[in-house]
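Structural description and commentary
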Amino acid sequence: MKNQRQFTVPFGKGSIEFELPSEMSGIEVVSRHVPPVSDVPEAIVAALDNPVNSPPLRDIARQGDKVCIVFTDITRANPDQLLVP
C-alpha cells in the first residue's frame, strides 16, 4: 500500500471520486474476498456456540442482565431478521 491523495470509493449504488488536500494523504484499505455463507441459520448457531476469543453467550449472560446488541449499519449486508431474534 502506498499513500495517495486521489480516491474512488463505493458510494450508494455507484462511486465517488475525491482528492485530499495537499497537506493530507491516505491509504485505501480493501476487504479481502470471502465466499458467501451457504447456510446462514447454521452459521449463526455455530458462531454463538463457538465465539472468537470469548466464552459462549449462554456462559456469560444471566437472566436479568442488561445487554447491548450491536449491528452494522445499512452499508453492510447482514441478515438482521435472523440475527436479532
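Note that the coordinates shown come from a computational prediction; the quantities given were computed from them, not determined experimentally. (Residues numbered from 1 in each chain as written. Predicted model: local features only at pLDDT ≥ 70, side-chain atom pairs only at ≥ 80, totals over all residues. Heavy atoms only, no water.)

1. Digging into the overall build of the protein
Put simply, the rule is: Think of it this way: any DSSP run of H or I at least four residues long counts as a helix, any run of E at least two long counts as a strand, and we number them from the N terminus. Radius of gyration here uses only the C-alpha atoms, and the compact-globule reference equals 2.2 Å multiplied by the residue count raised to the power 0.38. Each residue is placed in one exposure class: buried if its accessible area under a 1.4 Å probe, protein chains only, is under 20% of its type's maximum, exposed if it is over 50%, and partly exposed if it falls in between.
Secondary structure assignment for the protein yields three helices and two strands. Written out in order from the N terminus, the α and β elements of the protein read β-β-α-α-α. At 19 Å, the protein has a C-alpha radius of gyration far larger than the 12 Å of a compact globule built from 85 residues. Overall, the C-alpha framework of the protein stretches about 55 × 30 × 20 Å when taken along its three principal axes. Looking at the protein as a whole, 6% of its 85 residues qualify as buried.

2. So, the pattern of salt bridges
The condition that has to hold: The salt bridge criterion pairs a side-chain nitrogen of Lys or Arg with a carboxyl oxygen of Asp or Glu, the two atoms within 4 Å.
Applying the stated criterion to the full structure yields two salt bridges. The partner of arginine 5 in a salt bridge is glutamate 19, with the nearest N and O atoms 3.1 Å apart. In this pair, arginine 5 is assigned in the segment before β1 (6-11) and glutamate 19 in strand β2 (residues 14-19), connecting sequence segments 14 residues apart. You can call glutamate 19 partly exposed: its relative accessible area is 47%. Note that arginine 58 is salt-bridged to aspartate 49, the shortest N-O span being 3.0 Å. A relative accessible area of 53% places arginine 58 in the exposed class.

3. Remarks on unusual backbone geometry
Unlike most non-glycine residues, asparagine 53 shows phi in positive territory, near 55°. With respect to the secondary-structure elements, asparagine 53 resides in the loop between α1 (40-49) and α2 (57-60).

4. A closer look at the packing of aromatic side chains
Stated precisely, the cut-off is as follows: Pairing of aromatic rings covers Phe, Tyr and Trp, the last counted by its six-membered ring, and requires centre-to-centre distances within 6.5 Å; plane angles under 30 degrees mean stacked, over 60 mean edge-to-face, and any other angle means tilted.
The final tally for this structure, using the stated rule, is one aromatic pair. Geometrically, the ring pair formed by phenylalanine 7 and phenylalanine 18 is stacked, given 5.3 Å between the ring centres and 20° between the ring planes. Note that phenylalanine 7 is positioned in strand β1 and phenylalanine 18 in strand β2, a separation of eleven residues in sequence. The exposure class assigned to phenylalanine 7 is buried, which follows from its relative accessible area of 7%. Overall, phenylalanine 18 belongs to the partly exposed group, its relative accessible area being 36%.

5. A word on the confidence of the model for the protein
Put simply, the rule is: A residue's pLDDT is the confidence the predictor assigns to it, expressed on a 0 to 100 scale.
Of all residues in the protein, 96% have pLDDT values of 70 or greater, and the mean over the chain is 86. For the protein, the element scoring lowest by mean pLDDT is helix α3 (residues 80-83), at 81; β2 scores highest, at 92.

6. Re a nonpolar patch on the surface
The following threshold applies: Patches here: salt-bridge-free residues with over 30% relative accessible area, like charges joined within 9 Å, nonpolar side chains (Val, Leu, Ile, Met, Phe, Trp, Tyr) joined within 5 Å. Each accessible area is a Shrake-Rupley estimate made with a 1.4 Å probe; only the visible protein chains count as cover when residues are assessed.
On the surface, Val67, Ile69, Phe71, Leu83 and Val84 cluster together into a nonpolar patch covering about 450 Å² of accessible area. Along the chain, phenylalanine 71 falls in the loop between α2 and α3. Assessed through its relative accessible area of 33%, phenylalanine 71 is described here as partly exposed.

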